[in-house]
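Notes for the structure review
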Amino acid sequence: MAEQMSRRAAIGIGAATAAFVATPGRAVAAPGPDAGSSVGTRPAAEVIRRAYRRQKALAGGSWHTHVAMVGAAGGLSVVVDDDADRVTHGYSVQKLAVAVAVMDKIDRGELSLGQRLDLTGDIILGGSGIYFLHTVWGDEITVANFLTALLLVSDNTAVRMCGRVVPALEINQILAAKGFTHTRVEPVANPNRFFLGVTTPRETHDLLWRLVNKTLLSPRSSDFLLGILRWINGYHDGIRRDMSSAERSRVATKYGADYDSQGAARHEVGVMFDPTGAPTLTYAFFADSLGDLDNYGGTHPAVRAHAVLGRTMFDAISPITNRTAPARHRVPRFHPNNGG
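I will try to describe carefully the structure that is included in this document.

Procedures and definitions
Along every chain, residues carry numbers that run from 1 in the direction the sequence is written. Selection of residues for local features in this predicted model requires a pLDDT of at least 70, selection of side-chain atom pairs for listing and counting requires 80 or more, and totals for whole chains, interfaces and linings are taken over all residues. In computing side-chain properties, one takes all heavy atoms of the structure into account and sets aside hydrogens as well as water. Classification of residues uses two cut-offs on accessible area relative to the type maximum, computed with a 1.4 Å probe and protein chains only: under 20% is buried, over 50% is exposed, and between them is partly exposed. The helix and strand labels rest on DSSP assignments: H or I over at least four residues marks a helix, E over at least two residues marks a strand, and numbering proceeds from the N terminus. The rule for pairing is simple: two strands pair if DSSP sees at least two bridges between them. Note on geometry: axes are C-alpha line fits, over the in-contact stretch for helices, and angles between N-to-C directions span 0 to 180 degrees. Every angle not falling under 35 degrees, over 145, or within 65 to 115 is termed oblique; those three ranges are roughly parallel, roughly antiparallel and roughly perpendicular. The contact rule is simple, with two residues in contact once any of their heavy atoms fall within 4.5 Å. In this classification, the charged set is Asp, Glu, Lys and Arg, the nonpolar set is Ala, Val, Leu, Ile, Met, Phe, Trp, Tyr, Cys and Pro, and all remaining amino acids, among them Gly, are polar. Contacts described as polar in this section are N or O atom pairs within 3.5 Å, which, within protein, must combine one atom able to donate a hydrogen with one able to accept it, while residues neighboring in sequence count only if both atoms come from side chains. Each salt bridge in this description consists of a side-chain nitrogen of Lys or Arg and a carboxyl oxygen of Asp or Glu lying within 4 Å of one another. Any pair of Phe, Tyr and Trp rings, taking the six-membered ring for Trp, is counted once the centres come within 6.5 Å. Such a pair is stacked with planes under 30 degrees apart, edge-to-face with planes over 60 apart, and tilted for the rest. For a ring to carry a charge above it, either NZ of a lysine or CZ of an arginine must fall within 6 Å of the ring centroid while also lying within 35 degrees of the normal to the ring plane.

**Side note on the pairing of strand 10 (residues 251–260)**
With nine of 10 residues buried, strand 10 is to be regarded as a mostly interior element. Where strand 10 lies against strand 11 (residues 263–273), 10 bridges are found, and the strand directions are antiparallel. Residue pairing across strands places Tyr-259 opposite Ala-264, the latter belonging to strand 11. The hairpin turn running from strand 10 into strand 11, its antiparallel successor, is two residues long.

And the structure:
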């Protein structure tokens, strides 16, 4: 396709990017002790590790991954630690960190989910999302509205809306204050706009685990974000592809996809919950230097790999009940014909 423009470029169009320096990745570390029960005759953690090695080889590219699982005794054990400290472009996975920064400001009473902003034509971006499909603009929408679009359909315009209430430098200050060393957005000339920036699989895991355990944000703010991430109208091509609607509601997930000079990137991160609603497994799959640049669908080899891994991980945690974890966030049941 002539004169391609990546999704990352679209978000910050019209402003120069900040410099990006990636730190070298760490060598693959030895996996942690087996966690959980067994699948067939093998421990669940080993089943996941074997599936990961196979799917990584089939998909190709360069993978940077962290998977952890709650064992029968209630402790969190590392299942896969593969270059998990690599600083890499998060692409749309970073929208989760942006949402956390917005909710932190809400927790401090400086913003509210009900605050309204005008949605004007000059802020609209194409690519993933829904707002550009309107073709006419002028609505006033709440912070809750554009955060839902940001995480459920990965709306690019919603990134700009977030920047209007939490500027780039403030986002980075919030993330730093929460203990994240590498997870940052990339400021540009306009203080209210930014590129989505970088993270590591390990920091993304930490963000997810603290979110589900209600130590990153207030319980109310945590439940708001998790309700969106678990809702079954979200992304299904990867981890949740081969699941029923009930199973999908037990997975909070966020994907990111783009390309650069090294090739395509296909990322997906999230948390799986046991039947009681307790968080039981976290995954952070970052894959780059891939082929099939313009294929953002379910047939991309890395996305196929995510689907296999999703089914494998979900089956591995099914017998586990993590009863010592915090109370679950209940997701409303989905009724497709309940139009009323």
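So much for the structure itself; the text now carries on.
**Comments concerning the packing of helix 2 (residues 44–59) against helix 10 (residues 301–317)**
Helix packing for two helices is described by the angle between their axes and how far apart those axes are. Put simply, helix 2 and helix 10 touch, their axes get as near as 9 Å, and they point 175 degrees apart. Classified by the angle between their axes, helix 2 and helix 10 sit roughly antiparallel to one another. Residues Ala-44, Val-47, Ile-48, Ala-51, Tyr-52, Gln-55 and Ala-59 of helix 2 form the contact with helix 10, whose own contacting residues are Pro-301, Ala-302, Ala-305, Val-308, Leu-309, Thr-312, Met-313 and Ala-316. Each residue belonging to the contact of helix 2 with helix 10 can be placed in one class, and the counts come to 13 nonpolar, two polar and no charged.

**Description of the pairing of strand 12 (residues 279–290)**
Most of strand 12 sits inside the fold, with 11 of its 12 residues counted as buried. Looking at chain direction, strand 3 (residues 62–70) and strand 12 are connected through eight bridges and run antiparallel. Counterpart to His-66 in the pairing with strand 12 is Ala-284. Where strand 11 meets strand 12, nine bridges bridge the pair, whose relative direction is antiparallel. Residue pairing across strands places Ala-264 opposite Leu-290, the latter belonging to strand 12. Between strand 11 and strand 12, which pair antiparallel and follow one another directly, the connecting turn spans five residues, one of which, Gly-277, has a positive phi of 95 degrees.

**Notes on the environment of Thr-199**
Here Thr-199 is to be found in strand 9 (residues 194–199). Residues Thr-199 and Arg-86, 113 residues apart in the sequence, show an inter-C-alpha distance of 8.0 Å. The residues touching Thr-199, leaving out its near neighbours within four places in the chain, are Arg-86, Val-87, Thr-88, Gly-90, Gln-94, His-182, Thr-183, Thr-204 and Phe-286. Reaching out from Thr-199, the side chain makes a polar contact with the side chain of Thr-183 at a distance of 2.8 Å.

**As for the sheet that holds strand 5 (residues 88–89)**
One key point about sheets: their strands pair by backbone hydrogen bonds, in either a parallel or an antiparallel sense. Taken together, three strands build an open sheet; the order of strands is 5-9-8 and the sheet is antiparallel. Each of the sheet's edge strands pairs with one partner strand only, and the pair in question is strand 5 and strand 8 (184–187). Across three bridges, strand 8 lies against strand 9 in antiparallel orientation. Bridge assignment links Arg-184 to a residue of strand 9, and that residue is Val-198.

**Examining the packing of helix 3 (residues 94–107) against helix 6 (residues 168–177)**
At a minimum axis separation of 9 Å, helix 3 and helix 6 run at an interaxial angle of 85 degrees. What the angle tells us is that helix 3 and helix 6 run roughly perpendicular. Residues Ala-97, Val-98, Ala-101, Asp-104 and Lys-105 of helix 3 touch helix 6, and the partners they reach there are Glu-170, Ile-171, Ile-174 and Leu-175. Residue composition of the contact of helix 3 with helix 6, by class: six nonpolar, no polar and three charged.

**Considerations on the pattern of salt bridges**
For the structure on display, the rule yields 16 salt bridges. Of the charged contacts in the structure, one is a salt bridge between Glu-46 and Arg-53, with a shortest N-O distance of 3.4 Å. Of the residues examined, Glu-46 reaches a relative accessible area of 18% and is grouped as buried. Linking Arg-311 and Asp-315 is a salt bridge whose minimum nitrogen-to-oxygen distance equals 2.7 Å. Highlighted residues: Arg-311 and Asp-315, both in helix 10, separated by four residues, approximately one helical turn. Its relative accessible area of 23% is what places Arg-311 among the partly exposed residues. Ionic contacts of the salt-bridge type, sharing partners, join the residues Asp-104, Lys-105, Arg-108, Glu-110, Glu-170 and Lys-178 into one network.

**A closer look at the sheet that holds strand 12**
A sheet is described by the order of its strands in space; here five strands give the open sequence 4-3-12-11-10, paired in antiparallel fashion. Taken across any chain shown, the strands that pair with only one partner, and hence form the sheet edges, are strand 4 (76–82) and strand 10. Across the sheet, the mean angle separating the axes of adjacent strands is 5 degrees when strand polarity is ignored. Against the sheet, helix 8 (residues 219–230) makes contact with strand 10 and strand 11, and its axis sits at roughly 70 degrees relative to strand 10, the strand it touches most. Across the sheet, helix 10 touches strand 3, strand 10, strand 11 and strand 12, and the angle it forms with strand 11 is around 15 degrees.

**As for the packing of aromatic side chains**
What the rule picks out here adds up to five aromatic pairs. Considering the side-chain rings of Trp-63 and Phe-285, the 6.3 Å spacing of their centres and the 70 degrees angle between planes classify their relative orientation as edge-to-face. Taken together, the residues span a long stretch of sequence, with Trp-63 in strand 3 and Phe-285 in strand 12 at a distance of 222 residues. Residues Trp-63 and Phe-285 agree in their burial class; the two are buried. Look at Tyr-235 and Tyr-255: their rings are 3.9 Å apart centre to centre, the planes differ by 20 degrees, and that puts the pair in the stacked class. With a gap of 20 residues between them, Tyr-235 in the loop between helix 8 and helix 9 (245–248) and Tyr-255 in strand 10 connect regions that are remote in the sequence. Across the pair, Tyr-255 and Tyr-235 agree in class, each one buried. Every member of this aromatic cluster is reached through a ring pair, and the members are Tyr-52, Trp-63, Tyr-283 and Phe-285. Geometry around Phe-273 places Arg-230 over its ring, the cationic atom sitting 4.2 Å from the centre. Across the ring face of Tyr-255, the terminal group of Lys-254 is positioned such that the distance to the ring centre comes to 4.6 Å.

Any functional reading would require information beyond the geometric quantities listed.
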